[in-house]
Each structure stands twice: as C-alpha cells, then as structure tokens.
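# Understanding the architecture of this molecule
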Amino acid sequence: MYETNEKRPVLSDRITALAESQTIAMAKKARELTAQGYDMINLSFGEPDFQTPQYIKDAAKKAIDDGFTFYTPVPGYPELRQAIVDKFKRDNNLDYKPENIVVSTGAKQSIANAVMCLVNPGDEVIIVSPYWVSYEEIVKLAEGVPVPVQGSLENDYKITADQLENAITSNTKLVMYSSPCNPTGAVFNEEELLAIARVLQKHPQVYVIADEIYEYINFEGQHASLAAFDFIKDRVITVNGFSKGYAMTGWRVGYLAAHKDIAAACDKMQSQITSGTCSIAQKAATAALQGGKESALEMTEAYRRRRDLVLALMAEIPGFKTSVPDGAFYVFPDVSYYFGKRYDDKVINSADDLSMYLLTDAHVALVSGEAFGAPQSIRFSYAITDEKLEEALHRIKSSLAKLQ
Ligand code: PMP
Ligand code: GLU
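Below, the structure is looked at part by part. Because the structure is a prediction, the values reported are computed rather than measured. (Residues numbered from 1 in each chain as written. Chains lettered and ligands numbered in written order. Predicted model: local features only at pLDDT ≥ 70, side-chain atom pairs only at ≥ 80, totals over all residues. Heavy atoms only, no water.)

## What about helix H13 (residues 386–401)?
- Here H13 contains 16 residues, and its C-alpha end-to-end distance of 23 Å stays within 8% of the 22 Å for a straight helix at 1.5 Å per residue.
- Taken as a whole, H13 has its buried residues at Asp386, Leu389, Ala392, Leu393, Arg395, Ile396, Ser399 and Leu400.
- The inward-facing, buried residues of H13 contact strand S1 (41–42), helix H11 (294–314), helix H12 (351–362), strand S12 (364–365) and strand S14 (378–381). (Helix = DSSP H or I, 4+ residues; strand = E, 2+ residues; numbered from the N terminus. Expected span 1.5 Å × (residues − 1). Buried < 20%, exposed > 50% of the residue type's maximum accessible area, 1.4 Å probe, protein only. Contact = heavy atoms within 4.5 Å.)

Written out as structure tokens, the structure is:
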C-alpha cells in the first residue's frame, strides 16, 4: 500500500516485472548496428526471408478494391474460420466446427488469449524447455507459475512422458510446448505424443497449448497433433498461424482451435483488447489456405538445405554440441565449451556473454539461450541466404578461435 501518490511508481508491477522479448531485442540491436554502418549478419530473428507468395498478395489487393475496410467479426470472418476448419481436416484429420476457431493478431496473441483464459494466479504451467521466449513471460503476466521441464540434448531436447508425469502436481493447470520447436527444431512424433497424452489422461484438470506454428517446416515424416487423441482433444488448444509456413509475419494472423467454451472465452478476451484482426490480412490468409500448402513446402525444401549447410559448417567449429533439428529453422548448439575462456580483458562466462562477443567481434547477431530456458546454448536462425550463412559461420569460427 502507498501512503501518498508521490510514492507510487509510474509503471505497474506487472510491466516492471515483464522481461523484454530477447528475440525482438536482439533483432533491434542488429538493425541499429546495421544503421551505424556495420556489416551485420542477422541470425537472430525467427522470420522467413521469403516474400509472401504472389497469390496471397493478390488476394489482399483484391480485398482492398472490394471494400473490405471495415471492422471484422472478433473471432474472424466466417469464410476464414471455415477455411481453417477445412485445413484441420485436410492436414491433421481433426474435426472442428467454426465455433471452435478464434482468429487473432498472430499466434502470439492466440497463446496469450488462451493463457489468460485458463490460468488463475498461482496455477502451475509446465513449459517444455527449451521453450519459445514469450511462453514464460505470458504465463507470468497471467500470474501463473512457470514450471520448466528440461528436455536433454541426448533426447533431442524432447521431454519424456515420465518427466511430464513427475512434474504434474495438484496445482498444474496447463502444459505448453511447440512442435516443431522454437528454439531446438525438435519434433514430437505420434508415438511420443501418445505417451504424453496417456499421462494427461490421468490428470483431467490439466490443459495443453500445442503450438504448431512450424507445422509445415518439418523435414522428417508426418506432423503429429496432440488433439488427434480423442480422449484428451477437449483439453488441447491447438495454436497455428500464417507467419512461418506462408511467410506472412507482418500480416499478423494466427488462430487457435479449442473446445467451444474455451474458444468463446478467447473471443471475449479479444473483444476487449484488440477486436478482430485486419480485414485485408484475413482475406489474404483465407486465400493462403485455399491455395493449399505447395508454396510452404517449397520454402521448407530451402530450409532443409540450409539446415544441412549450417550443421556441416558447425561441425567444423570446436566445442559446439548440437542435436539435428527435424523442423523449424533454428539450430541450438550447446556452447558451454567456451565458458571461462577469454579475449583481451573479456571473460566469457555465459551464453549472454558469448552472443555479445559474437555480435561485436564477428558482427553476427544470435540469441542467447538464457531467455529460452537453456543458458548453455545459443540460437541460430537459418532463415537467410546460403551465402550469408557461410559468411556468418566463417566469421564465428574466426572469432571463437581468438578465445583462450
Ligand atoms: N510460437 C512460436 C513457437 C513462434 O516461434 C512464434 C514466432 N513468431 C510464434 C508462436 C508467434 O507467431 P506470430 O505471432 O507471428 O503468428
Ligand atoms: N518467433 C520469432 C522468433 O522467435 C519472431 C520474434 C518473436 O515474435 O519473438 O524469433
């Protein structure tokens, strides 16, 4: 309690406690250094370097000409929600109705909606770790308690069903994971998800956010969805979006599929915070889905080639230990070999220190693993040309060779 107005801080405790998104912070730093004239290579941002496919851009131009300039229904145009229902059937063999679908201003908002609608203060949220930076902060905003459960490098950073079982308590409300995973590229297969679903079956108070935004960027086999197991489907919130598969980061369209009561709650949350997302972007997103996934699969072939290139170049760098990512566009090596080494008067004590060193010495922007719950690692985004990747890895190797 404050006795006088003077003693009150301007900003709320909520925002003061919130960490800045490290992916966005590092990308900002790289842009600033580029503006100052440095020859930067930015491997920090998780953003496709491809243009949005032309047929999607054409649909957006048509939407403007056709007069789609008004407020949209909060959970999305009926046509887009239907296209999403059709997509779930076509790609995932999942049966939903439009009432189960809420379209948002990006998958980030879908995740925030779901967390805000499910988590009460003090509820525990199990976050499969390493995890995407925003999960933990969104949980804290909802006054939930993040409980990271660490996947090991030996198990390609995937947690096991036993680990999940051991982490669940009577306070657990939610589990969150991405597959393919940002930052590790790990992909849960059907068998692994079934084992997880069987654990969840025993705990009917636990819900799951399954973040499938990298679904199309999968190099091995078929994408598996947790919601495909009927016995827990009503407790799974499947999140997806257009940013990655269709290279539509700036358009800001994401969506979730959930039990109709949870979907209605997310609709209500969104009605007070942002309303329906952009009319033109929704028309573009509808065209994207109706056009199938061919363009997405073409981009995925390029990512696969780049993954192989990065792994081959990384194998020449002493001390980097990495899993082979099966999806997304990240490699997440353990770099702890370099902790304790020095250059001039600088000592590298952490992944934060190493990523700052590489930013200033090699002019390559990467994101430290700290914010992903993995302080031994650094994230490389390889959504960039082969030439830039080769140059970046070459520079990193030279900079690391100077450390003693
Ligand atoms: N989930 C994961 C795992 C991500 O990497 C991202 C990054 N874009 C998002 C969700 C959010 O995507 P968007 O808001 O652009 O749809
Ligand atoms: N998801 C991307 C990343 O991890 C984009 C930045 C963000 O939204 O955090 O880099």
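From this point on, the discussion continues.
## What about the sheet that holds strand S3 (residues 124–129)?
- On the basis of which strands lie adjacent, the open sheet formed by seven strands has the order S2-S8-S7-S6-S5-S3-S4 and mixed pairing. Edge positions in the sheet fall to strand S2 (101–104) and strand S4 (145–150), since each of these pairs with one other strand and no more. Across the sheet, the mean angle from the axis of one strand to that of its neighbour is 20 degrees, orientation sign disregarded.
- The strands touched by helix H5 (residues 107–118) are S2, strand S5 (172–178), strand S6 (207–211), strand S7 (236–241) and strand S8 (254–257); relative to S7, the strand with the most contacts, the crossing angle is about 160 degrees. (Pairing = 2+ DSSP bridges. Axes fitted to C-alpha atoms, helices over the stretch in contact; angles between N-to-C directions.)

## Details of the site of ligand 1
- The environment of ligand 1 is made up of 13 residues, and the closest members are Ala107, Asn182, Asp211, Ser243 and Lys244.
- Between ligand 1 and the protein, one listed contact pairs an oxygen atom with a side-chain N or O atom of Arg252 at 2.8 Å.
- Coverage of ligand 1 by the protein chains reaches 93% of its 390 Å² of free accessible surface.
- At a threshold of 2 Å from the grid points, most atoms of ligand 1 map onto the second largest pocket.
- Here the element with the most residues in the shell around ligand 1 is H5; it accounts for three residues.
- Residues of the shell around ligand 1, tallied by class, amount to five nonpolar, four polar and four charged. (Near = heavy atom within 4 Å. Polar contact = N/O pair within 3.5 Å; in protein donor to acceptor, adjacent residues only side chain to side chain. Areas by Shrake-Rupley, 256 points an atom, 1.4 Å probe, with all protein chains shown as cover. 1 Å grid on protein atoms, 1.4 Å probe; cavity = no way out; pocket = protein on both sides within 12 Å on 5 of 7 lines; lining within 4 Å. Sits in = over half its atoms within 2 Å of the grid points. Nonpolar A, V, L, I, M, F, W, Y, C, P; charged D, E, K, R; others polar.)

## Some thoughts on the site of ligand 2
- In the vicinity of ligand 2, the contacting residues are Ser21, Thr23, Phe45, Gly46, Lys108, Trp132, Asn182, Lys244, Tyr330 and Arg379.
- A distance of 3.1 Å separates an oxygen atom of ligand 2 from a polar side-chain atom of Trp132.
- Between ligand 2 and the protein, one listed contact pairs a nitrogen atom with a side-chain N or O atom of Lys244 at 3.3 Å.
- Expressed as a share of its isolated accessible area of 280 Å², the protein-covered part of ligand 2 is 90%.
- Of the residues contributing to the shell around ligand 2, the split by class is three nonpolar, four polar and three charged.

## Remarks on the nonpolar core
- By size, the foremost hydrophobic cluster in this structure holds 77 residues, and its most contacted members are Val115 and Leu354.
- With residues up to four places along the chain from it excluded, the contact list for Leu354 reads Val335, Tyr338, Ile348, Ile378, Leu400 and Leu403.
- If you look at the next biggest cluster of nonpolar residues, it comprises 50 residues, including Ile56, Ile196, Ala197 and Leu289. (Core = buried A, V, L, I, M, F, W, Y, C linked by side-chain atoms within 4.5 Å.)

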